[in-house]
Amino acid sequence: LDGVPDVAVSSSFPNWDGRAAVFSGNNAQVLLAWQGSPSSQFGAQLSSAGDINLDGFPDLLVSAPYEYFAPYNTGSLFVYSGFDGSQLRRYDAPPSVWTFGGLPTRAGDIDGDGVEDHMLSQGWLKHGCCAFSWRGLAAYSGATGLEIFKDAGNVANSIAPLGVLNADSAPDYATGSIPIQSGPVPNPATVKLSLTAATSISCPYASFGKNSNILGCRISASVDGGPSLSLPGDLTLGATGFVNQRWGFLAWSLAPVPGHLTVINGLCLTTPIQRMPIKLSGGSALPAQDCTGSYSQALSDAYLVQNGLLPGTSFAAQFVSREPGVPGGLTFSNGFLLTVWP
């Protein structure tokens, strides 16, 4: 706190153990230093975390994508105090996940509790011998370390916080993806604008809950793009964790007013309710029954305008999936709550 910004640097070399350090911006003196475990590539990426323990010193996020737990179970993200270098928190890869904890990013105060939050990659999930699937990104509370939301379908190589773009107080972010070779044709490089403003709607009901299906799997909702009538690209809502090979659709309405919800076993909208085209959740082929089903629905600028969703209008949406055996025969995703902006 000498009035001169300090500098954090890291390197995974020379032996892949990795190290990170904070140098004084005033005289280049080493203020704090950390050493990684063998071959963990500690320090592969780092970012400021903001002051998550509210001691007046900015804290640090350091990734170690090959922190080893078991074959194809690697990756940790460490959170260190900017005051004394002590470890404040650690996130570890769950079983069968590879290179968890990359892309550490200071994300702003997403959940509005006065403490800055952060984002990181969820790594790759191993299937069988040689197949992997990307688990997306997630945001975590700086105050508690609990997950705030997951952007499950976002294959990203970088994250950039953007501040608040749509006047809803929640900071938004952009992600970039480099071309990835997929068979003979490489996927194009992409940049996505994503809004953290999709908030869960509180509903007074009790059944299987908005977040799980009949198999007990968590249903995760995601938002790609933004509800803007001027930015390129469509707003796309998605949800994963549904039972495979089930018919479902996205339902939406104008934002519910407290006391005027239509609550039918978990559908938290207000009349009139609009229904998008019916789709199949896909996933594993029958007769298997698992949680590989998912839905995605684009809402184009033209669709928003045609349905009266103009700048300043708030609307709510939920994915609905047919599920025999549960009350009402349906399961639901979390509610999305968004405001259209120019």
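Values in this document were obtained by computation on a predicted structure and should not be read as measured data.

Thresholds, definitions, all that
- Residues numbered from 1 in each chain as written.
- Predicted model: local features only at pLDDT ≥ 70, side-chain atom pairs only at ≥ 80, totals over all residues.
- Heavy atoms only, no water.
- pLDDT = per-residue confidence, 0-100.
- Contact = heavy atoms within 4.5 Å.
- Pairing = 2+ DSSP bridges.
- Helix = DSSP H or I, 4+ residues; strand = E, 2+ residues; numbered from the N terminus.
- Axes fitted to C-alpha atoms, helices over the stretch in contact; angles between N-to-C directions.
- Salt bridge = Lys/Arg side-chain N within 4 Å of Asp/Glu carboxyl O.
- Buried < 20%, exposed > 50% of the residue type's maximum accessible area, 1.4 Å probe, protein only.

1. A short note on the confidence of the model for the chain
Then, in step 1: Overall, the prediction assigns the chain a mean pLDDT of 81, with 82% of residues at 70 or greater.
Then, in step 2: Across residues 179-190 the pLDDT falls below 50, and counting only partners more than four positions away or on other chains, this stretch makes 13 contacts in the model.
Then, in step 3: Of the regions scoring below 50 in pLDDT, residues 195-210 engages in 56 contacts with residues more than four places distant in sequence or in other chains.

2. Side note on the sheet that holds strand S3 (residues 30-35)
Then, in step 1: Taken together, three strands build an open sheet; the order of strands is S1-S2-S3 and the sheet is antiparallel. Pairing within the sheet leaves two strands with one partner each, and these edge strands are strand S1 (7-11) and S3. Each neighbouring strand pair of the sheet contributes to a mean axis angle of 15°, computed without reference to strand direction.
Then, in step 2: Note that S1 and strand S2 (residues 19-23) share five bridges and pair antiparallel. Pairing of Val 7 across the sheet is with Phe 23, part of S2.

3. Remarks on the pattern of salt bridges
Then, in step 1: The full count for this structure, using the stated rule, is four salt bridges.
Then, in step 2: In this structure, Glu 67 and Arg 90 form a salt bridge, with 3.5 Å as the shortest nitrogen-oxygen distance. One end of the pair, Glu 67, is in strand S5 (residues 59-70); the other, Arg 90, is in strand S7 (residues 87-92), and 23 residues separate them in sequence.
Then, in step 3: The closest approach of N and O atoms between Glu 116 and Arg 106, which form a salt bridge, is 2.6 Å. Linking Glu 116 in the loop between strand S9 (105-108) and strand S10 (117-121) with Arg 106 in strand S9, this pair joins segments that are ten residues apart in sequence.
Then, in step 4: Classification of Glu 116 by relative accessible area gives partly exposed; the value is 22%.

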